[in-house]
Amino acid sequence: MGATSSDNPALGPIEGLFEDLRMRVVSSATAPFRHAPYPLARSLDHRGDPGLFGPESVSWRVIGDAASFIGGVRALLIQAAHPEVVAGVGDHSRYREDPLGRLSRTSAYVTATTYGAMPEVEQAVAQVRRIHRVVSGTSSRGIAYDADDPGFSAWVHNALTDSFLVANQKFGTDRLSPSEADRFVLEQTRVGALLGAEPMPTTAAELTRWIEQHPGLAPSTEMDDAVDFLTEPPLDPGLKLGYKLLMEAAVATLPRRLRDVLGVTKTPGAVTAGKGVVSVLTWALGASPSWQLALVRTGSPLPEGRFKQPLPVQP
């Protein structure tokens, strides 16, 4: 059972109510990601190891922000617009039967490659590549797919990079300068390279154009299934309103062409509502505790006031 205000006698009644509310938000927001083992459980065994990026990177800041919740939903939508990519997901994953398991495993992969020491990065990538070896088939439009194909890997990787960046710039705590946005895109190519993704744009503007103008996008039956699932996932009632606002915020940031392919429409006020949800998540969760763990592992100073959750692994 989680701690409540009654566990902290220093809190007054009003503060205690707010703390109880905060802990409920934390529990609700993190519960869907608890369906896979935490990937950095042994991270402190690798003291000093900066991983792929390190404490001075832009990637640690961007992916550690609460806006990444919107970025993750947006990436799944964009990935679904590619008929061969979404066919691979539909044919070879159990996202309908085990949606939270797949969500947790995807989140664990992003966490490991972003904040892990190099042995943890390599383990996460090796696991994905093992899965990809058996993911092949034919999409509903009759085109063969193979998850190890560099172009298909690039669509998945670049959609994730673009979505984290767009979500940060629209909803994040610290908006990036143009040069920092380019640094983020360039940093993320290190992850894509480990998966054999090609091509990978190296600036924010190039990435935006590549996503918007990709020639392989089209509606498909598998896309319709994925969008329906993302629109109405099997979440607890207490989570559905918050998720709906995140989903609508993600849709509102999609380029017009992507919205047309996906068959989704912008909801008036979705960006404002998304900013409100991210503000609440930031108040309750703070920045990612995995970012804090990576800073501790590398012996780096902790930014004051950014972290509100306990370390996921005790020193």
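Procedures and definitions
- As a convention, each chain's residues are numbered from 1 in the sequence order in which they are written.
- The model is predicted, so local features are restricted to residues of pLDDT at least 70 and side-chain atom pairs to those at 80 or more, both for listing and for counting; the totals for chains, interfaces and linings are taken over all residues.
- The basis for every side-chain value is the complete set of heavy atoms in the structure, and neither hydrogens nor water enter the calculation.
- Only DSSP runs of H or I with at least four residues qualify as helices, and only runs of E with at least two residues qualify as strands; both kinds are numbered from the N terminus onward.
- Here the globule rule reads 2.2 Å times residues to the power 0.38, and the radius of gyration is calculated from C-alpha atoms.
- Three labels apply to residues, based on accessible area from a 1.4 Å probe with only protein chains included: buried if under 20% of the type maximum, exposed if over 50%, partly exposed otherwise in between.
- By the convention used here, residues are in contact when the closest approach between their heavy atoms is within 4.5 Å.
- What sets the accessible areas is the Shrake-Rupley method with a 1.4 Å probe; for residues, cover comes only from the shown protein chains.
- Counted as positive: Lys and Arg. Counted as negative: Asp and Glu. His and the chain ends are not counted at all.
- Where a charge sits is defined by one atom per residue type, namely NZ (Lys), CZ (Arg), CG (Asp) or CD (Glu).
- In this scheme, patches are assembled from residues that exceed 30% relative accessible area and form no salt bridge. Like charges are connected within 9 Å, while nonpolar side chains (Val, Leu, Ile, Met, Phe, Trp, Tyr) are connected within 5 Å.
- Salt bridge, as applied in this entry: a Lys or Arg side-chain nitrogen positioned within 4 Å of an Asp or Glu carboxyl oxygen.
- Under the rule applied, a polar contact is a pair of N or O atoms within 3.5 Å (in protein, one hydrogen donor and one hydrogen acceptor; residues adjacent in sequence only if both atoms are side-chain atoms).
- Note on aromatic pairs: the rings of Phe, Tyr and Trp (six-membered ring only in Trp) are paired at centre separations within 6.5 Å, and the planes decide the class, stacked below 30 degrees, edge-to-face beyond 60, tilted for the rest.
- pLDDT measures the predictor's confidence residue by residue and takes values from 0 up to 100.
- Along the arc lie the directions from the helix axis toward the C-beta atoms.
- Take the buried Ala, Val, Leu, Ile, Met, Phe, Trp, Tyr and Cys residues and link them wherever side-chain atoms come within 4.5 Å; each set so joined is a nonpolar core.
- Expected span of a helix, by definition, is 1.5 Å for each gap between consecutive residues, and there is one gap fewer than residues.

A.B. asks: Could you clarify how one ought to interpret the overall build of the chain in this entry?
C.D. replies: Secondary structure assignment for the chain yields 14 helices and two strands. What you see for the chain is a C-alpha radius of gyration of 19 Å, in line with the 20 Å of a compact globule of 315 residues. Based on the C-alpha atoms only, the size of the chain along its principal axes is roughly 65 × 45 × 40 Å. Residues classed as buried in the chain amount to 50% of the 315 residues present. Put simply, 73% of the contacts in the chain that link residues at least 6 apart link residues at least 24 apart. For the chain, the accessible area works out to roughly 14,900 Å², and carbon and sulfur atoms hold 57% of it. Considering the chain, the positive charge centre built from 30 side chains and the negative charge centre built from 34 side chains are found 2 Å apart.

A.B. asks: Where do I start with a nonpolar patch on the surface in this structure?
C.D. replies: The grouping of I14, L17, F18, L21, V280 and W283 at the surface amounts to a nonpolar patch, some 570 Å² of accessible area in total. Secondary-structure elements contributing two or more residues to the nonpolar patch are α1 (13-30) and α13 (270-285). Take the nonpolar patch: its biggest share by element is four residues, from α1. With respect to the secondary-structure elements, L21 resides in helix α1. What makes L21 partly exposed here is its relative accessible area of 37%.

A.B. asks: Explanation requested: the environment of S43 in the structure shown.
C.D. replies: Mapped onto the elements of the fold, S43 is located in the loop between α1 and α2 (58-63). In this view, S43 contacts A117, E120, L293 and R297; residues no more than four positions away in its chain are not counted. A polar contact of 2.8 Å, which involves the side chain of S43, links it to the side chain of R297.

A.B. asks: Sorry, what's going on with unusual backbone geometry here?
C.D. replies: Most peptide bonds are trans, and most residues other than glycine sit at a negative phi. Note that the residue after E198, namely P199, is joined by a cis bond; omega there is 5°. Take P199: it is sitting in the loop between α8 (178-194) and α9 (204-213).

A.B. asks: Mind showing me how you'd approach the packing of aromatic side chains here?
C.D. replies: Aromatic ring pairs are defined here through the distance separating the ring centres and the angle between the ring planes. Scanning the entire structure with this criterion turns up four aromatic pairs. Pairing W60 with Y115 gives two aromatic rings, centres 5.8 Å apart and planes at 50°, and the pair type is tilted. One end of the pair, W60, is in helix α2; the other, Y115, is in helix α5 (residues 99-115), with 55 residues separating them in the sequence. On the basis of relative accessible area, W60 is assigned to the buried category, the value being 0%.

A.B. asks: When you look at the confidence of the model for the chain in this model, what are you seeing that I'm missing?
C.D. replies: Do not read the fine detail of predicted coordinates wherever pLDDT is low. Overall, the prediction assigns the chain a mean pLDDT of 92, with 96% of residues at 70 or greater. Across residues 1-7, where pLDDT falls below 50, the model places six contacts with residues more than four positions away in sequence or in other chains.

A.B. asks: Help me understand the pattern of salt bridges, please; the structure alone is not making it clear to me.
C.D. replies: Pairing between side chains of opposite charge can happen when their charged atoms approach one another. Within the structure shown, the criterion is met by nine salt bridges. Ionic pairing is found between R42 and D45, a salt bridge with its closest N-O pair at 2.7 Å. According to the relative accessible area criterion, D45 is partly exposed, its value standing at 47%. Between E248 and K244 there is a salt bridge, with its nearest N and O atoms 3.0 Å apart. Here the residue E248 and the residue K244 both occupy positions in helix α11 (residues 237-252), the gap between them amounting to four residues, near one helical turn. The class of E248 is buried, set by a relative accessible area of 18%.

A.B. asks: Would you explain the side chain of D162 in this entry?
C.D. replies: Mapped onto the secondary structure, D162 falls in helix α7 (residues 150-171). Reaching out from D162, the side chain makes a polar contact with the side chain of R74 at a distance of 2.9 Å. When sequence neighbours within four positions are dropped, the list of residues in contact with D162 reads R74, I78, L207, T208 and I211.

A.B. asks: What am I meant to see in helix α10 (residues 221-231) here?
C.D. replies: Every α-helical turn comprises 3.6 residues, leaving residues that sit three or four positions apart pointing alike. Listing the buried residues of α10 in full gives E222, M223, A226, V227, F229 and L230. Projected down its long axis, α10 carries its buried residues within an arc of 160°, all on one side. Facing away from the buried side of α10, by more than 90 degrees, are the exposed residues T221 and D228.

A.B. asks: Help me understand the nonpolar core, please; the structure alone is not making it clear to me.
C.D. replies: Nonpolar side chains in soluble globular proteins generally cluster together in the buried interior. Ranked by size, the top nonpolar core spans 86 residues in total, and within it I70, L77, Y109, F184 and L262 carry the most contacts. Counting residues per element, this core draws most heavily on α7, at eight residues. Ignoring anything within four residues of it in the chain, the contact list for Y109 reads A124, V125, V128, V191 and L195.

A.B. asks: When you look at α13 in this model, what are you seeing that I'm missing?
C.D. replies: Over its 16 residues, α13 runs 22 Å from end to end, which matches the ideal 22 Å to within 8%, given 1.5 Å per residue. If you check which residues of α13 are buried, you get A270, G274, V277, V278, L281, A284 and L285. Buried residues of α13, viewed axially, fall in a sector of 125°; they line one side. Note on α13: the residue one or two positions beyond its end, G286, has a positive phi of about 70°.

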